[in-house]
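Examining the three-dimensional arrangement
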Amino acid sequence: MYSDEELLKRLKKINWDTPIPEAELLKMLKGEPSQDFEAYRKSLYIKIVNGFSWHQVRKMIAEDKLPNVLTDEVIQGLFPRNLREKYRYVQSLL
């Protein structure tokens, strides 16, 4: 698992288009409640899975939280289509 500092650096790379502070994204990533930005949680997961390799995703998200991250809704939001198929397979293994 990456340190909080490393996670914040990586979150900054994918958070260029939202006004949400990276500290709030870090809370969401750790599974902590974030009332103001809860609606953004699914989008955060899609950005992480789309933006980083599987090995980096595993370092960013705790293994016990991966089944909650790789939901059908998140997988449907992935692009390109073949990436969806790869993550459906991963989802079936979790």
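Note that this is a predicted model, so its numbers are computed, not measured. (Residues numbered from 1 in each chain as written. Predicted model: local features only at pLDDT ≥ 70, side-chain atom pairs only at ≥ 80, totals over all residues. Heavy atoms only, no water.)

Section: the overall build of the protein chain
- Assigned secondary structure in the protein chain consists of seven helices and zero strands.
- Reading the protein chain from its N terminus to its C terminus gives the helix and strand order α-α-α-α-α-α-α.
- What you see for the protein chain is a C-alpha radius of gyration of 13 Å, in line with the 12 Å of a compact globule of 94 residues.
- Each principal axis of the C-alpha atoms in the protein chain carries an extent, and together these give about 30 × 25 × 20 Å.
- Expressed as a percentage of contacts within the protein chain between residues at least 6 apart in sequence, the contacts between residues at least 24 apart total 45%.
- Surface exposure of the protein chain reaches about 6,000 Å², of which carbon and sulfur atoms provide 51%.
- Of the charged side chains in the protein chain, 16 are positive and 14 negative; the average position of the first set lies 6 Å away from that of the second. (Helix = DSSP H or I, 4+ residues; strand = E, 2+ residues; numbered from the N terminus. Rg over C-alpha atoms; globule rule 2.2 N^0.38 Å. Contact = heavy atoms within 4.5 Å. Areas by Shrake-Rupley, 256 points an atom, 1.4 Å probe, with all protein chains shown as cover. Lys, Arg positive; Asp, Glu negative; His and termini not counted. Charge placed at Lys NZ, Arg CZ, Asp CG, Glu CD.)

Quick look at the packing of helix H2 (residues 22-29) against helix H3 (residues 41-51)
- Contact geometry for H2 and H3: axes closest at 10 Å, N-to-C directions at 90°. Here H2 is positioned roughly perpendicular relative to H3, judged by the angle of their axes. Contact residues: Leu25, Met28 and Leu29 in H2; Arg41, Leu44, Tyr45 and Ile48 in H3.
- A per-class count over the contact of H2 with H3 returns six nonpolar, no polar and one charged. (Axes fitted to C-alpha atoms, helices over the stretch in contact; angles between N-to-C directions. Parallel < 35°, antiparallel > 145°, perpendicular 65-115°, else oblique. Nonpolar A, V, L, I, M, F, W, Y, C, P; charged D, E, K, R; others polar.)

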